[in-house]
Amino acid sequence: MDFLPPTDPRVVALTRDLNPAQREAVTAPPEHRLVLAGAGSGKTRVLTHRVAWLIAVEGVSPQSILAVTFTNKAANEMRGRIEQLINVPVRSMWVGTFHGIAHRMLRLHWKEARLPQNFQILDADDQQRLVKRVIKALDLDEDKYPAKALTGWINARKEEAERPEHIQDTGDFAMRQFVRVYTAYEEQCRRSGLVDFAELLLRAYELCRDNPDIQRHYRTRFRHVLVDEFQDTNKLQYDWLRVLAGDRGVLFAVGDDDQSVYSWRGARVENMLHLQRDFLGTEVVRLEQNYRSTGTILRAANGLIAKNSGRLGKNLWTDGGDGEAIQLYAAFNEYDEAEFVVNRIRDGVEGRRRYSDHAILYRTGAQSRVVEEILIRNRMPYRITGGLKFFERQEIKDALAFLRLLHIRDDDTSFERAVGTPPRGIGATTVEKLRLWAREQDISLWAAAKLGQQHLGRSANAVNQFMALIDAIAAEGKDLPLSQLTELVIARTGLRDHYRKEKGEQAESRLENLDELVSAARGFELLPLPQGDDQLPEMDPLTNFLAHAALEAGEQQAGPGEESVQLMTLHAAKGLEFPVVFLVGVENGLFPNMRSIEEGNIEEERRLCYVGITRAREQLYVSYAEVRRVHGVEQIGSPSQFLKEIPSETLQETRPRAQVLRPAFIARESGYGGGGYSRGGGGYGNSGGGRGGDEYPRGGYAGYDRQNAARTLLKESSIGPGGFSLGQRVKHAKFGEGTILSFDGDGDRARAEVKFKTAGNKWLLLSVANLQAL
DNA sequence: GCCGAACCCCTTTTT
DNA sequence: GGGGTTCGGC
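Residues numbered from 1 in each chain as written. Chains lettered and ligands numbered in written order. Predicted model: local features only at pLDDT ≥ 70, side-chain atom pairs only at ≥ 80, totals over all residues. Heavy atoms only, no water.

Trainee: Go over the protein's contact with DNA strand C with me, naming the residues and quoting the values.
Mentor: Around DNA strand C sit Lys132, Arg369, His631 and Gly632, and those are all the residues in its vicinity. Close to the protein, within 4 Å, the atoms of DNA strand C belong to sugar or phosphate groups at a rate of 40%. Side-chain polar atom of Arg369 to a phosphate oxygen of DNA strand C: 3.1 Å apart, as the coordinates give it. Counted by class, the surface near DNA strand C contains no nonpolar, two polar and two charged residues. (Near = heavy atom within 4 Å. Polar contact = N/O pair within 3.5 Å; in protein donor to acceptor, adjacent residues only side chain to side chain. Nonpolar A, V, L, I, M, F, W, Y, C, P; charged D, E, K, R; others polar.)

Written as structure tokens, this is what we have:
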């Protein structure tokens, strides 16, 4: 670059559409950079232009570039946009997810990584099942040692690069059991040739750290390492980047500390702070000009996030207009809230909007149900992002288990799944016998089935038939193309017949999915050079297919993102944008979530709120419900504290056109303050709410001034019976200190559910319990 | 061994 | 309220 005049056409082409800050980042000399990229500030653009700049202007070989993202979607998008920019395919460039890159290294260096050549990937679900079996095998109490917790713990250890032998024995009994499980789990994985997600990263890290040749190779090769969403990196990923970059690799990290919402998964925002220490000379570039949202939306977002401490600091601005005020709606309950949203969408669609211009964002997945109900009732097309992905579906995993078993008979995880689906007379007892014998002999289940016939009694026959079936499919399918092999598996194992017998819509979709799997397999027959590389590991189509299934579990829902309203959690919305956004359920306890409040991690919730607000381009609606059913119990809600933190001049309370009514039993109390609360008031059966109108025909409710009540709510926080509020810390003479979770009943029968440290959750009659506010 | 009924738990989930 | 798991009857 040094010698290229700014008028050079290559320079002009790559910089003319950039603002000064973006240009500074893109054209920076080859030194470490941390790009603090605010929401909607053109982060991807900077990343892709930077790569193009390195290649086209700096003359860096694509081979020397490693670009890492977190999602496949981001990786694909990045590669596509880079190729567009410099108009050549850049096959030799490594662009991928952390896991994808790690996987590739392990395939290339499976020997050095001490893995079998045909190792398979264990997804999160498989992993937990395996851990569970290990816990059982060790005869541990599953209540004391829940598989979920142990799996989380093991993954956390791996993310700290801690193997079982690294964990210090403090003499703690439970900890010893944890380590036992970890050790046994690792051994199980080793024998089955399985690698879980965390293990992919850890192995790759150890490989690069401990093998001098490999380390030299990659350090020489990757002169430029670019990382997206840097705030989401965990310790292991960070350490791996350090090893890879060595002394000479140049790091270009892009991220936003204000959008760090995955700390609960091990993400460490602090990594952004450590850059200047570990990558000497790292300079920070701030991208603060926002191209997405209106000035009002940005002011709201800036105001809210300013309440967080320890930020790197950033203030979004736009040279566009202020736009509309943010509309705040105080709903009576979650049905009312959903109706409000649907009515606004209808208004939009009757105007210039499309359904797909609207996104409904919520804190927890369970909130989608009511919204869906109302959408369906109003015949609006919608699409939920999140949930089960294609390759995670039961029927697909069933079929894959057989395919994997064809590959590695010693894969116990697949054996256990395949042996019982569809039912073939081999039940829990038989499998348990196999496990016992296998453990005793230290062999796989397959080997145990083969060698331990005498232990099986009358089910030996069924087991033999099962093994014969697998062998037969393997023999018949040996020379078949992958898709035909897949079809063979689905037919011969009886999977198709099994699901054909099932009734209902779900069964139909399962059959369709199985067919879809066959089609998907077809795509892997001609070994598409995955992201083409000079030195690709040789992978047979089946291994390739199975790896793909685990690493890129597929779109979340079949069917294209057609013309439909978009529903998703706030987490799932990160990175996306929509003209109109509805942020629903903005209530204390729900958002910020109770658990986060208890864990003292409210700042992350605030960042999540910031993420939600900054998804909106033109119009943002925020709503909360005064009463909401949670886990089947009605609870009083109060407007989220975040609403008070958003600059009030950006908010405007909206009021339905027709008068909104309120249950008499609440209205009879003065305002909301001493509020009685009664359950069962709001069965929302009659949704007569006609088109276009905002009528809420619920008989028997007295009128009340919604706007006024909402304002009161904004000031005070949820007051329940007896003047206590949700989430409030209280003291009980017998149970000690606790937190109020919910209220129930009124008058003398008013009760509160309180979570105590030692005594657990208790329902206490307020007239009796004599709780002291803390 | 298999299936339905009781039972239990319940934030978020890039790979 | 709902989904996943376990337990008990056939």
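Trainee: Let's hear about the UniProt feature "binding site: ATP" (unreviewed entry) in chain A: which residues, and what values?
Mentor: What UniProt calls "binding site: ATP" (unreviewed entry) maps, in this numbering, to Ala37, Gly38, Ala39, Gly40, Ser41, Gly42, Lys43 and Thr44. Position of Ser41 among the secondary structure elements: in the loop between strand 1 (33-37) and helix 3 (43-56). Setting aside its immediate chain neighbours within four residues, Ser41 contacts Gln22, Leu287, Gln289 and Tyr291. Side-chain polar atoms of Ser41 contact the backbone oxygen of Gly38, separated by 2.6 Å. (UniProt positions renumbered as here; feature names shortened; annotations may be inferred. Helix = DSSP H or I, 4+ residues; strand = E, 2+ residues; numbered from the N terminus. Contact = heavy atoms within 4.5 Å.)

Trainee: Talk me through the confidence of the model for chain A; I want residue IDs and the actual numbers.
Mentor: Taken over all residues, the pLDDT of chain A has a mean of 84, while the share at 70 or more is 82%. Low confidence marks residues 531-535, where pLDDT is under 50. Its contacts with residues over four positions away, or in another chain, come to 18 contacts. Between residues 657-719, whose pLDDT stays under 50, and residues either more than four places distant or in other chains, the model counts 129 contacts. (pLDDT = per-residue confidence, 0-100.)

Trainee: So what about the sheet that holds strand 8 (residues 283-287)? Which residues, and what values?
Mentor: Taken in spatial order, the six strands make up an open sheet running 3-2-6-7-1-8, and their pairing is parallel. What marks the edges here is a single partner per strand, and that holds for strand 3 (94-97) and strand 8. Pairwise comparison of adjacent strand axes, ignoring direction, gives a mean angle of 15° for this sheet. Pairing geometry for strand 1 and strand 7 (residues 250-255), over four bridges, is parallel. The residue of strand 7 that forms the bridge with Leu34 is Ala253. Of the strands in this sheet, strand 2 (65-69), strand 3 and strand 6 (224-227) touch helix 5 (residues 98-108), which is tilted by about 115° from strand 3. (Pairing = 2+ DSSP bridges. Axes fitted to C-alpha atoms, helices over the stretch in contact; angles between N-to-C directions.)

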